[in-house]
Amino acid sequence: MSEKTANVGIVIVSHSPLVAQGIADMVRQMVGDCVPLAWSGGNVRGELGTDAGGILRAIEAAWSDAGVAIFVDLGGAETNSEMAIEMLGSPRSKFVSICNAPLVEGAVIAAAEASGGASLAKVVATAEELSP
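Please read these numbers as outputs of a predicted model, since none were measured by experiment.

1. Side note on the pairing of strand S2 (residues 37-41)
Thinking step 1. A large share of S2 lies buried, amounting to four of its five residues.
Thinking step 2. Here five bridges tie strand S1 (residues 9-14) to S2, and the two strands are oriented parallel to one another. Opposite Val-11, over in S2, you have Ala-38 as the bridge partner.
Thinking step 3. A crossover links S1 with its parallel partner S2, the connecting element being helix H1 (residues 17-31), and its sense is right-handed.

Written out as structure tokens, the structure is:
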């Protein structure tokens, strides 16, 4: 993303490219273009899975100086997201959080919160309130 935004960015990570893109499309339709948004789905061969390099590219695409919140579907997505955050390096890695929230509902509510200018901590906390 070439222009800077004050709003927290959102990244959707799923083992399925179709799921990741579909959720990102839903979020975009709900909040418009005021929230940086990107997705990563599938492994490097385009099969079900996740890829740390692809997740890193999504973080870069959704980057905001306000931070980036990542939403994942399964454990492998979380592990590869953690690797991508490490690959991002300091100091930016401190401004990226993986949310423990339902993928669809969490991403939508987080994007709505981010669209109002909420901090990364507030965006994450609001999304995580949805967890059982």
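2. Topic: the UniProt feature "domain: PTS EIIA type-4" (unreviewed entry) in the protein chain
Thinking step 1. Here, UniProt's "domain: PTS EIIA type-4" (unreviewed entry) annotation points to residues 7-132.
Thinking step 2. Its end C-alpha atoms 27 Å apart, residues 7-132 is made of 48% helix and 16% strand.

3. With respect to the side chain of Ser-14
Thinking step 1. Note that Ser-14 resides in strand S1.
Thinking step 2. A polar contact is formed between the side chain of Ser-14 and the backbone nitrogen of Ser-16, at a distance of 3.1 Å.

Procedures and definitions
- The written sequence of each chain sets the order in which its residues are numbered from 1.
- Whole-chain, interface and lining totals are the exception, using all residues; otherwise, since this is a predicted model, local features are given only for residues with pLDDT of at least 70 and side-chain atom pairs are given and counted only at 80 or more.
- Only hydrogens and water are removed before side-chain values are computed, so all heavy atoms of the structure are retained for them.
- Partly exposed describes any residue whose relative accessible area lies between the buried limit of under 20% and the exposed limit of over 50%, with all areas from a 1.4 Å probe on protein chains only and scaled to the type maximum.
- Put simply, DSSP H or I for four residues or longer makes a helix, DSSP E for two residues or longer makes a strand, and each gets a number counted from the N terminus.
- Paired strands, as defined in this entry, are two strands with at least two bridges between them according to DSSP.
- The handedness of a crossover follows from its direction of travel: if, with the strands pointing away from the viewer, the path from the first strand over the helix to the second runs clockwise, the crossover is right-handed.
- UniProt positions are given in the numbering used here, feature names are shortened, and annotations may be inferred rather than shown by experiment.
- Each polar contact in these results corresponds to two N or O atoms within 3.5 Å; when the atoms are within protein, one needs to be able to donate a hydrogen and the other to accept it, and residues that are neighboring in sequence are counted only if both atoms are side-chain atoms.

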